[in-house]
Amino acid sequence: MSEIRIEPGWKKVLQDTFKEPYFKELAEFVRGEYQQGSVYPPAGSIFRAFDLCPFNQVKVVILGQDPYHGPGQANGLAFSVYAHVPLPPSLVNIYKEIETDVGKKKQPDGNLDRWAKQGVLLLNATLTVRASQAGSHQRQGWEEFTDAAVKKLSGLREHLVFMLWGAYAQKKGAVIDESKHLVLKAAHPSPLSAHQGFFGCRHFSQANIYLLLHGQEPIDW
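These numbers come from a predicted model, not from an experiment. (Residues numbered from 1 in each chain as written. Predicted model: local features only at pLDDT ≥ 70, side-chain atom pairs only at ≥ 80, totals over all residues. Heavy atoms only, no water.)

A short note on the layout of surface pockets
- Of the voids in this model, the largest pocket is the one considered here, and its volume is about 490 Å³.
- What lines the largest pocket is a set of 35 residues, among which Gln65, Asp66, Tyr68, Asn124 and His188 lie closest to the centre.
- Elements with a minimum of two residues in the lining of the largest pocket: β2 (60–64), α5 (89–102), β3 (120–124) and α8 (166–172).
- Here the residues of the lining of the largest pocket are counted per class, giving 20 nonpolar, 14 polar and one charged. (1 Å grid on protein atoms, 1.4 Å probe; cavity = no way out; pocket = protein on both sides within 12 Å on 5 of 7 lines; lining within 4 Å. Points joined across faces, edges and corners; volume = space filled by probe spheres on them. Helix = DSSP H or I, 4+ residues; strand = E, 2+ residues; numbered from the N terminus. Nonpolar A, V, L, I, M, F, W, Y, C, P; charged D, E, K, R; others polar.)

Observations concerning the nonpolar core
- Trp10, Phe47, Ile62, Ile94, Trp115, Phe145 and Trp221 are the most contacted members of the largest nonpolar core, which totals 70 residues.
- A total of six residues in this core trace back to one element, the largest contributor, which is helix α7 (residues 142–156).
- Leaving out residues up to four positions away in the same chain, Trp10 has contacts with Phe50, Cys53, Pro54, Phe55, Val58, Leu121, Ala149 and Leu153. (Core = buried A, V, L, I, M, F, W, Y, C linked by side-chain atoms within 4.5 Å. Buried < 20%, exposed > 50% of the residue type's maximum accessible area, 1.4 Å probe, protein only. Contact = heavy atoms within 4.5 Å.)

Considerations on the side chain of Glu7
- Note that Glu7 resides in the segment before α1 (8–13).
- We note that Glu7 is buried and unpaired, the nearest opposite charge coming from Arg157 at a distance of 9.4 Å.
- At 2.9 Å, the side chain of Glu7 and the backbone nitrogen of Gly9 are in polar contact.
- Aside from chain neighbours lying at most four places away, what touches Glu7 is Phe50, Asp51, Pro54 and Phe55. (Lys, Arg positive; Asp, Glu negative; His and termini not counted. Salt bridge = Lys/Arg side-chain N within 4 Å of Asp/Glu carboxyl O. Polar contact = N/O pair within 3.5 Å; in protein donor to acceptor, adjacent residues only side chain to side chain.)

Topic: the packing of aromatic side chains
- For the coordinates displayed, the defined rule picks out 18 aromatic pairs.
- One aromatic cluster is present, formed by Trp10, Phe18, Tyr22, Phe23, Phe47, Phe50, Phe55, Trp142 and Phe145 through successive ring pairs. (Phe/Tyr/Trp six-rings, centres within 6.5 Å; stacked < 30°, edge-to-face > 60°.)

A short note on the pairing of strand β6 (residues 182–186)
- With five bridges connecting them, strand β5 (residues 161–165) and β6 associate as parallel partners. In the strand pairing of β6, Val161 is matched with Leu182.
- In terms of handedness, the path from β5 via α8 over to β6 forms a crossover that is right-handed. (Pairing = 2+ DSSP bridges. Right-handed = clockwise from strand over helix to strand, strands pointing away.)

What to know about the environment of Leu122
- The topology assignment puts Leu122 in strand β3.
- For Leu122, a relative accessible area of 1% translates into the label buried.
- When residues no more than four places from it in sequence are discounted, the contact partners of Leu122 are Ala49, Ile62, Gly76, Leu77, Ala78, Leu112 and Trp115.

Some remarks on helix α9 (residues 203–213)
- Inspection of α9 places His203, Phe204, Ser205, Ala207, Asn208, Tyr210 and Leu211 among the buried residues, and these make up the whole buried set.
- Residues of α9 that are buried make contact with β2, α5, α6 (113–116), β5 and β6.
- Of the residues one or two after α9, Gly215 is the one with positive phi, at around 75°.

Details of the environment of His195
- Within the secondary structure layout, His195 lies in the loop between β6 and α9.
- The sequence separation of His195 and Asn93 amounts to 102 residues, and the corresponding C-alpha distance is 9.7 Å.

So yeah, pure geometry; function would need other evidence.
Right, dumping it as structure tokens:
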């Protein structure tokens with residue numbers, strides 16, 4: 001991670017962040033972790049959420065927490081898995097809400113690249129994790145980095161939709177300027193909490209209505 005390879009628009013707005021002492025320490029930590037053992041996602045996919053969704057093309061931001069820590073699941077996008085991987089429980093519930101909300105019944109698989117390429121930034125707060133150890137790369141600097149990304153979007157862009165599911169995402173989204181953007185909040189789609197307000201939140205249709213009102217193409221969920 002000596003030379004950060006990330007989409008040019010993001011690289012430009014985050015260039016000062018990459019120079020900060022905490023980020024250099026984070027880079028050293030992550031490099032050491034990949035050298036020592038299994039870490040997810042694959043090293044080339046750490047910034048994949050940014051690469052598939054250039055800064056100036058972001059329309060919707062969905063905040064997650066940690067990459068999946070099981071083998072072959074994490075692909076660099078929050079909530080997303082590779083096409084051949086069984087759907088994780090939270091993604092099953094996301095798809096259920098989409099069906100209820102916008103009527104889309106058949107999803108091809110759990111790979112959300114198709115969303116990212118339409119302008120949906122699927123951003124985990126922590127971008128790496130040790131195999132089988134949930135939360136193992138928290139509090140190493142990733143949270144500060146992803147906070148910086150959210151602040152840049154809030155400050156430099158207008159009329160974005162932020163979907164904040166669960167207390168963790170809502171706390172992370174406290175920096176968003178709600179006078180410039182639509183901020184949607186609900187319970188997390190995890191089976192533990194989805195029935196406490198995620199089901200029925202209708203975030204996907206609300207996002208598309210907002211995008212249309214501001215001259216943007218809606219998302220094909």
